[in-house]
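One-letter residues, chain by chain:
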Amino acid sequence: MAYPASATAAAPPAEAIDFIDFVNSSPSPFHAVHEAAVRLENAGFQRLSEKAAWSLKRKGKYYFTRNGSSIVAFVVGGAYKPGQGFSIVGAHTDSPCLKVKPISKKSKAGYLELGVQLYGGGIWHTWFDRDLSVAGRVMVEHEDGTFQHTLTRIHKPLLRIPTLAIHLDGSANEAFKFNKETQFVPILATAVKTAFEGTSEQERKHHRALLDTLSEELQVEVDKIHDFELCLYDTQPATIGGVYDEFIFSARLDNLGMSYCSLMAMINTADQAVDDPNIRVISLFDNEEVGSTTAHGANSNLLPATLERLVAANLDGKEGPQAKSIFEQAMRCSFLVSADMAHAVHPNYLFEKYEENHQPAMHKGTVIKINANQRYATTAPTSLILREIARRRNVPIQEFVVRNDSSCGSTIGPMLSAKLGLRTIDVGNPQLSMHSIREIGGVDDVANGIRLLEAFFELFPSVDQQVVVD
């Protein structure tokens with residue numbers, strides 16, 4: 001997509017434009033993982049399977065997926081030896097959304113409606129009066145008898161959740177309240193236009209209109225559709241905006257923003273690991289927005305099992321060490337950057353919602369997040385290490401804490417830090433409207449985030465040698 005610059009605006013950075021393409025191609029975690037895998041393969045990464053044994057090489061580039069919604073990629077440093085460390089960046093692929101219920105078929109007052117579940121902590125009122133559609137995966141039966149995970153995305157606006165006219169609700173501008181079960185239901189069609197409803201198992205669960213739409217998109221018969229996981233998404237694409245083309249207006253900035261920065265930092269530095277004594281890792285997890293306790297979330301064995309396999313893996317034809325102590329030694333030499341979007345200062349809530357000395361701004365760098373109650377995993381040594389890395393590459397960074405009279409969110413950082421005993425820092429690019437259906441970020445922060453994580457991969461082993469704690 002081309003973005004012609006106005007007379008008063010510079011052309012948007014290439015990284016921001018490429019990110020727009022990435023997020024527009026990723027309406028669900030399944031699509032985000034697919035898009036990441038395509039980019040990794042184009043950069044020469046080899047696909048692995050968790051079901052098979054791994055035979056690795058130094059300077060080798062690898063990746064694998066789990067559940068189709070989480071992805072791990074790694075580069076084995078040319079100077080790596082078992083027991084040395086891992087340079088890890090963790091992010092997540094999911095965002096708050098609506099998901100189609102297992103039995104979604106609803107009808108009321110001559111309308112066909114779609115039953116949905118709330119996923120995560122969205123700002124749900126922003127989903128009203130938006131042009132919505134569905135994307136995700138379908139389990140499709142093939143002629144050979146297999147059932148295959150198949151991506152699907154309906155591009156046209158398919159659904160809408162209409163607000164009640166102000167004439168019927170005079171209090172709408174004072175307090176917009178609604179029942180999430182009965183008044184937050186998308187309309188799919190009118191009964192007048194509806195085709196014949198069949199009696200198959202899927203048709204008893206879902207409207208034939210939805211099944212026909214999926215069937216047409218997938219180019220399979222309806223009876224070949226056996227199950228699906230579908231997210232609703234806003235069909236309005238992400239774009240560059242603002243008088244100076246300085247903003248990104250988009251869905252799912254949290255956390256495709258930091259997933260993208262992690263992915264591109266890995267790809268951009270993968271061929272410069274000849275002298276690296278560490279293994280560089282990115283792990284993009286699903287289900288962070290609902291607590292991460294799933295088989296493919298950060299609170300699973302996904303990262304621990306991966307690191308254990310890497311320590312013990314066959315490397316350049318030589319079997320790796322099996323002793324647990326070697327893995328524990330490697331953990332003490334490792335470092336995790338938990339990369340999840342951060343709060344930018346909001347000009348309309350400056351004094352009542354932001355701590356006076358910690359007000360991150362767009363275009364001024366990635367934010368280090370700190371919390372005394374350990375909702376973030378940052379410590380003085382981990383903050384020092386990343387700040388020194390940033391200083392050496394002249395990459396801007398900022399710091400953030402919440403006010404004492406405000407609640408604080410959390411990330412995958414504390415749980416992974418505790419699970420593995422990893423030194424960890426929480427960071428993220430600043431944004432506004434977090435968890436809205438349309439969020440706002442800064443174009444310069446995409447490049448800032450990539451540069452910071454590139455510097456981390458390249459400089460962490462040397463900087464770590466200069467920091468003494470235990």
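Here goes a summary of the coordinates provided. (Residues numbered from 1 in each chain as written. Predicted model: local features only at pLDDT ≥ 70, side-chain atom pairs only at ≥ 80, totals over all residues. Heavy atoms only, no water.)

## Some details on the pattern of salt bridges
- Across all of its chains, the model carries 22 salt bridges by this definition.
- A salt bridge links E229 to R137; the shortest N-O distance between them is 2.7 Å. Of this pair, E229 sits in strand β11 (residues 225-234) while R137 sits in strand β8 (residues 132-141), placing them 92 residues apart in sequence.
- Classification of E229 as partly exposed rests on a relative accessible area of 37%.
- Relative accessible area serves as the criterion here: at 10%, R137 is assigned to the buried category.
- With a closest N to O distance of 2.6 Å, E388 and R391 form a salt bridge. Of this pair, E388 and R391 are both found in helix α9 (residues 380-393), three residues apart, which corresponds to roughly one turn of the helix. (Salt bridge = Lys/Arg side-chain N within 4 Å of Asp/Glu carboxyl O. Helix = DSSP H or I, 4+ residues; strand = E, 2+ residues; numbered from the N terminus. Buried < 20%, exposed > 50% of the residue type's maximum accessible area, 1.4 Å probe, protein only.)

## Regarding the environment of G115
- With respect to the element layout, G115 can be found in strand β7 (residues 111-119).
- The class for G115 is buried, based on a relative accessible area of 0%.
- Expressed as a C-alpha distance, the spacing of G115 and S49, which sit 66 residues apart in the sequence, is 35 Å.
- Excluding its chain neighbours within four sequence positions, the residues that come into contact with G115 are K99, V100, K101, S104 and K106. (Contact = heavy atoms within 4.5 Å.)

## A closer look at the environment of R280
- On the secondary structure map, R280 appears in strand β14 (residues 279-285).
- Residues R280 and L315, spaced 35 residues apart in sequence, show a C-alpha to C-alpha distance of 15 Å.
- Residue contacts for R280: discarding those within four places in its chain leaves A73, F74, V75, S87, M266, T269, Q272, A273, F457 and E458.
- In this structure the side chain of R280 is engaged in a polar contact, spanning 2.8 Å, whose partner is the backbone oxygen of T269.
- For R280, the side chain forms a polar contact with the main-chain oxygen of Q272, separated by 3.3 Å. (Polar contact = N/O pair within 3.5 Å; in protein donor to acceptor, adjacent residues only side chain to side chain.)

## Details of unusual backbone geometry
- Cis peptide bonds are those with omega within 30 degrees of zero, and the linkage from D254 to N255 qualifies with 15°.
- Along the chain, N255 falls in helix α5 (residues 253-269).
- Positive phi outside glycine occurs at D129, with the angle close to 55°.
- Its place among the elements puts D129 in the loop between β7 and β8.
- The partly exposed category is assigned to D129, whose relative accessible area is 32%.
- Residues other than glycine seldom take positive phi values, yet R252 does so here, at roughly 60°.
- Turning to its location among the elements, R252 is positioned in the loop between β13 (247-250) and α5.
- Judged by its relative accessible area of 15%, R252 is buried.

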